[in-house]
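Notes for the structure review
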Amino acid sequence: MGQWIDFQQTVNQRLLREDLDKEQTKVRNMNTKGHALVRGIAGSGKSLVLRNRVENIIDEFDNILILSYNRFMSGWLKSKLREKNIRREVTCNTFHSWAYHNLQYDYKFDKNDASRLQIIDLATKSRLKYQAILIDEAQDFYDEWFKGILEVLDTDTNSLFFVYDNTQSVYGQSHRRKADWSWLKLGIDIRGRAQIFDVNYRNSPEILELAWEFILGALSEANMKVSKKEQAGGRIGDIIQPKKKNSRSSNIKPTLLQISDEAMPYQIAQQVKYALSSHKESSIGVLVHPQNWRLKNVISKELSKLNIEHHAPKGSTDRDMNVVDRPFVIVDSWNALKGVEFDAVIIAGLDEANEYPDDLDKDFQEKAGIYTAMTRARDHLVMLYDTKTSIVDLMENAFNSPAQLVSED
């Protein structure tokens, strides 16, 4: 078996983007008073803009709260704020950690509508007030969380800014994927203050085309309307069709390989070693199904045998660090790595994912998880499976489909 990943083929095209484009700069400089949102496709720089917006408003507000769903993204945001010497005025955390330590809201309360309502009462009684609140990965926040957050938002500034992408909605909230849903139902008024990012900077066009072709069927089955940015307008339920950057291409196509479950961990470890030998200052994400902890642990053991430094979190608290913008090898579930990006991604055990024809919401969340995993990869994407399944068939069909996305350059 040949080498899966050779970073020498792509290192000159490597994405090192920190500057904002015209649209992103407009959002960063948007009036700080009132509610505002950005819905953007994967890889469009939503989190980058959010972080830049914090830098832009830090002199205006004394008390700022940043919330995310993902611990790794929280770690990245904290790291970037420290680099700018922004510490005292900003609280940056995952929702669950912030809510537990400040409101005594336990993650166990998430289990049903009635228990989640406690967040509103707890927030009201807390007497906490933030002059500005910014939320990353808002598609994964429950409605009740938003209502609780509004209770701790200073009504004089009313500064709420959040970013989201319903295509990466892997933790429910299916009602917010419906055409008739509105943020006004939660008391959030973003009329005239909503922006759409449709340009994908992260992924090579080859990776983006494949990921988009794969998720299209799931979007259709979930009755989610796909529109170009110019057509979507104020329709909050529309999924925005991404634009690719042809300049990101190194002409490296994604790969789908069949490897036995028994051989897979060893092969992955060997291939990670080969890849790092081609350019050690590279990041690699080895992503597994959220329920497949066994495979994750076995892969980690094989990497350790080869003395490959890596991080394989044993629990959620092990994820509170910055792995986003530095050389790193991570082995974790694809849901846990939402928002993170890598020079190369290896999806191990694609066939562990299932279709759920009798539960369309669950079916979409499963496929959205795979789409999210695919779009973590900047330049190299390798997907592995042991057994031919309907999910593997869908992926093969995506490989055989013609390119259809418009290029921005």
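The notes below deal with the structure included here. As the structure is a computational prediction, the values presented were derived from the model and not from experiment.

Assigned secondary structure in the protein consists of 13 helices and 13 strands. What you see for the protein is a C-alpha radius of gyration of 21 Å, in line with the 22 Å of a compact globule of 409 residues. Expressed along its principal axes, the backbone C-alpha trace of the protein runs to roughly 65 × 45 × 40 Å. Relative to its 409 residues, the protein shows a buried fraction of 58%. Residue pairs at least 24 apart in sequence account for 81% of intrachain contacts in the protein once pairs closer than 6 positions are excluded. Charge-centre separation for the protein: the mean point of 55 positive side chains lies 3 Å from the mean point of 58 negative side chains.

Looking only at helix α4 (residues 95–103), the buried set comprises Phe 95, Ser 97, Trp 98, Ala 99 and Leu 103. Summarising the contacts, the buried residues of α4 are in contact with β2 (64–68), β3 (90–94), α6 (118–126) and α7 (143–151). With its phi angle positive at about 60°, Gln 104 sits one or two positions after the end of α4.

Two pairing modes exist for strands in a sheet, parallel and antiparallel, and in both the strands are linked by backbone hydrogen bonds. Strand order in the open sheet formed by six strands is β3-β2-β4-β5-β1-β6, with parallel pairing between adjacent strands. The outermost strands of the open sheet, each flanked by one partner alone, are β3 and β6 (194–197). The mean inter-strand angle of the sheet, taken between neighbouring strand axes irrespective of direction, is 10°. As paired strands, strand β1 (residues 35–40) and β6 are joined by four bridges and run parallel to one another. Bridging across to β6, Val 38 finds its partner in Gln 195. Packing of α4 onto the sheet brings it into contact with β2 and β3, and relative to β3 it is tilted by some 110°.

Relative to the helices and strands, Asp 198 is located in the loop between β6 and α8 (205–221). Each C-alpha atom, one on Asp 198 and one on Ala 42, is 8.7 Å from the other, the two residues being 156 residues apart in sequence. Dropping the residues within four chain positions of it, Asp 198 is found in contact with Ile 41, Lys 229, Ile 240, Gln 241, Pro 242 and Lys 243.

Despite not being glycine, Asn 251 shows a phi value in the positive range, around 60°. Structurally, Asn 251 is set in the loop between β8 (239–240) and β9 (255–258). We note that Asn 307 has phi near 60°; this positive angle belongs to a residue other than glycine. In this fold, Asn 307 is placed in the loop between α11 (293–305) and β11 (329–333).

Here Asp 143 lies in helix α7. According to the relative accessible area criterion, Asp 143 is buried, its value standing at 15%. In this structure, Asp 143 is in contact with Gln 173, His 175, Arg 176, Trp 181 and Leu 186, ignoring residues within four places of it in sequence.

What follows is about the environment of Val 199. As for its position among the elements, Val 199 is in the loop between β6 and α8. Taking the relative accessible area as the measure of exposure, Val 199 reaches 10% and is therefore buried. Sequence separation of Val 199 and Ile 133 is 66 residues, and the distance between their C-alpha atoms is 26 Å. With residues up to four places along the chain from it excluded, the contact list for Val 199 reads Ile 41, Gly 43, Ser 44, Lys 243, Lys 245 and Glu 408.

Turning our attention to the side chain of Asn 200. One can find Asn 200 in the loop between β6 and α8. One polar contact links Asn 200 to Asn 203, side chain to side chain, over a distance of 2.7 Å. For Asn 200, the contacting residues outside a window of four places in its chain are Ile 41, Ala 42, Gly 43, Leu 208, Lys 243, Lys 244 and Lys 245.

Conventions we followed
- Residues numbered from 1 in each chain as written.
- Predicted model: local features only at pLDDT ≥ 70, side-chain atom pairs only at ≥ 80, totals over all residues.
- Heavy atoms only, no water.
- Helix = DSSP H or I, 4+ residues; strand = E, 2+ residues; numbered from the N terminus.
- Rg over C-alpha atoms; globule rule 2.2 N^0.38 Å.
- Buried < 20%, exposed > 50% of the residue type's maximum accessible area, 1.4 Å probe, protein only.
- Contact = heavy atoms within 4.5 Å.
- Lys, Arg positive; Asp, Glu negative; His and termini not counted.
- Charge placed at Lys NZ, Arg CZ, Asp CG, Glu CD.
- Pairing = 2+ DSSP bridges.
- Axes fitted to C-alpha atoms, helices over the stretch in contact; angles between N-to-C directions.
- Polar contact = N/O pair within 3.5 Å; in protein donor to acceptor, adjacent residues only side chain to side chain.

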